[in-house]
Amino acid sequence: MTKGLAFTFHGGPTAFIDRLAIVIDDLDDEDLKILEQVCEWSWTNHCVIPVEGLQLSPTEVEWRLTKLERLELLDLGERV
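Residues numbered from 1 in each chain as written. Predicted model: local features only at pLDDT ≥ 70, side-chain atom pairs only at ≥ 80, totals over all residues. Heavy atoms only, no water.

Caption draft 1: Molecular detail of the state of the cysteines. Enumeration according to the criterion identifies 0 disulfides in this entry. Here cysteine 39 stays unpaired: no disulfide links it, and the sulfur of cysteine 47, its closest cysteine neighbor, is 9.5 Å away. (Disulfide = S-S within 2.5 Å.)

Caption draft 2: Expanded view of the pairing of strand 1 (residues 4-9). In this structure, strand 1 lies alongside strand 2 (residues 48-50), joined through 3 bridges in antiparallel fashion. Its bridge partner lying in strand 2, glycine 4 is registered against proline 50. Alignment of strand 1 against strand 3 (residues 74-79), held across 4 bridges, turns out to be antiparallel. By the bridge assignment, leucine 5 is partnered in strand 3 with arginine 79. (Pairing = 2+ DSSP bridges. Helix = DSSP H or I, 4+ residues; strand = E, 2+ residues; numbered from the N terminus.)

Caption draft 3: Highlighting the side chain of serine 42. Structurally, the position occupied by serine 42 is in helix 2 (residues 29-44). Owing to a relative accessible area of 19%, serine 42 belongs among the buried residues under this scheme. Of note is the side chain of serine 42, whose polar atom sits 2.5 Å from the backbone oxygen of cysteine 39. (Buried < 20%, exposed > 50% of the residue type's maximum accessible area, 1.4 Å probe, protein only. Polar contact = N/O pair within 3.5 Å; in protein donor to acceptor, adjacent residues only side chain to side chain.)

Below is the structure:
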């Protein structure tokens, strides 16, 4: 059974904060909600985005996570 999708902050937490300041204008409210939740999961869920943890369609989740990876905020890993 799949628990979710592993992730890390691109370059580590400090680099994530620095990069966020650079790309903040490229993010919309939904992106920011996802990042807020991802930050919480980094503490409470061992850097795993739980299956069905985001209340969006699978296509929207994939698009948004790919966007965050492309902006070098997150590095997505494997399903765990």
